[in-house]
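Residues per chain, in single letters:
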Amino acid sequence: DTKWPSGGSPTCEMMQTFGYFLHDTDGSYLITQKAFALLERPVTLPTVFISYSRKTSSAFGLLIECRLQIAGIKAFIDRSIDPGDAWHAQLEDKIRHSTCVVSLLAPETLNSNYVQKEIQWALDQNIMLIPIWHGTFDGSNIPAALELLGSKNAIRVKEESAEAYHEAVEKLINRLGFVTP
């Protein structure tokens, strides 16, 4: 590795020079707030595709898009793609170029062939999939082929309240590698 002059990891002196360590009076090093700030966001920022049913999850999807963008995360929701022949190709391309697909699941969502295709495209591309259950979705209608949407992987909105939706978005941001205040 040629990143560090020593060929391995940076030395304590180098970390002190860049402000990540302070030299204490007893000869030890103290970690600075600047070093801890490195842990507050991932090195590579994720790109997120939001899969949802317009009928049941539009407002929640827009909330997530906004909150992710505020956190510095590039998020895509299909509010600006015109339906037509190229629509599927555009969505598949957006998913292929994302690092994560967030799937908003309400009781009727999986009745949509479009949502199922988006989830399948993410699985086919081995893209991280984060399901968020809301609006009384209980997982009872998850097809076997989409078992990754199950409860052990899901973020759940346990009740219809602003606090519950806020907590779900905070959990999502944490799963994407960010520390929330």
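Criteria and cut-off values
Position numbers for residues count from 1 along each chain, tracking the sequence in the order it is written. Residues qualify for local features only when their pLDDT is at least 70, as the model is predicted, and side-chain atom pairs are given and counted only at 80 or more; totals for whole chains, interfaces and linings, by contrast, use all residues. Excluded from the side-chain calculations are hydrogens and water; all other atoms, namely the structure's heavy atoms, are used. Within the patch definition used here, like charges are joined within 9 Å and nonpolar side chains (Val, Leu, Ile, Met, Phe, Trp, Tyr) within 5 Å, considering only residues with over 30% relative accessible area and no salt bridge. Note on areas: Shrake-Rupley with a 1.4 Å probe; residue coverage comes only from the protein chains shown. The term salt bridge refers to a pairing of a side-chain nitrogen on Lys or Arg with a carboxyl oxygen on Asp or Glu at a separation within 4 Å. Charged residues are defined here as Lys and Arg on the positive side and Asp and Glu on the negative side; His and the ends of the chain fall outside this count. Where a charge sits is defined by one atom per residue type, namely NZ (Lys), CZ (Arg), CG (Asp) or CD (Glu). Only DSSP runs of H or I reaching four residues or more are called helices, and only runs of E reaching two or more are called strands; each is numbered from the N terminus. Residue burial is assigned from relative accessible area. The probe radius is 1.4 Å, only protein chains are included, and a residue is buried under 20% of its type maximum, exposed over 50%, and partly exposed in between. Between the rings of Phe, Tyr and Trp (Trp by its six-membered ring), a pair exists once the centres lie within 6.5 Å; its type follows the angle of the planes, with under 30 degrees stacked, over 60 edge-to-face, and the other angles tilted. The definition of a right-handed crossover adopted here requires that, viewed with the strands pointing away, the path from the first strand over the helix to the second runs clockwise. By the convention used here, strands pair only if DSSP detects at least 2 bridges between them. Any pair of residues with heavy atoms lying within 4.5 Å of one another is described as a contacting pair. Every axis corresponds to a line fitted to the C-alpha atoms, with the helix fit spanning only the stretch in contact, and the corresponding angles, defined between N-to-C directions, vary from 0 to 180 degrees. By this rule, a helix spans an expected 1.5 Å times one less than how many residues it contains.

To continue, consider a negative patch on the surface. A cluster of acidic residues, Glu-159, Glu-160, Glu-163 and Glu-167, forms a negative patch at the surface. Positionally, Glu-167 belongs in helix α6 (residues 162–175). For Glu-167, a relative accessible area of 40% translates into the label partly exposed.

The next subject is the packing of aromatic side chains. One pass over the structure, following the stated rule, counts three aromatic pairs. Centroid distance Phe-60 to Tyr-165: 4.6 Å. Interplanar angle 85 degrees. Geometry classified as edge-to-face. Here Phe-60, found in helix α3 (residues 54–70), pairs with Tyr-165, found in helix α6; they are 105 residues apart in sequence, far enough to count as distant. Take Phe-60 and Tyr-165: they sit in the same class, and that class is buried.

Glancing now at the pairing of strand β5 (residues 100–105). Within β5, six of the six residues are buried, which leaves the element mostly enclosed by the surrounding structure. Burial along β5 is two-sided: Cys-100, Val-102 and Leu-104 and Val-101, Ser-103 and Leu-105, pointing in opposite directions, are all buried. In the classification by handedness, the crossover that spans β5, the intervening helix α5 (residues 113–124) and the parallel strand β6 (residues 128–133) is right-handed.

Below, the discussion takes up the sheet that holds strand β4 (residues 74–76). Strand-to-strand pairing in sheets goes through backbone hydrogen bonds, with the strands running parallel or antiparallel. Pairing in this open sheet of five strands is parallel, and the strands run β4-β3-β5-β6-β7 from one edge to the other. Whereas interior strands pair on both sides, the edge strands pair on one side only; in this sheet they are β4 and β7 (155–156). For β5 and β6, the ladder comprises six bridges, and the chain directions are parallel. Counted as the bridge partner of Leu-104 is Ile-132 from β6. Those strands touched by α5 are β3 (47–51), β5 and β6, and its axis lies near 150 degrees from that of β3.

For the rest of this paragraph, the subject is α6. Taking 1.5 Å per residue, 14 residues should reach 20 Å; α6 reaches 20 Å between its end C-alpha atoms and fits that length. Along α6, the residues classified as buried are Ala-164, Tyr-165, Ala-168, Val-169, Glu-170, Leu-172 and Ile-173. Of the residues one or two after α6, Gly-177 is the one with positive phi, at around 100 degrees.

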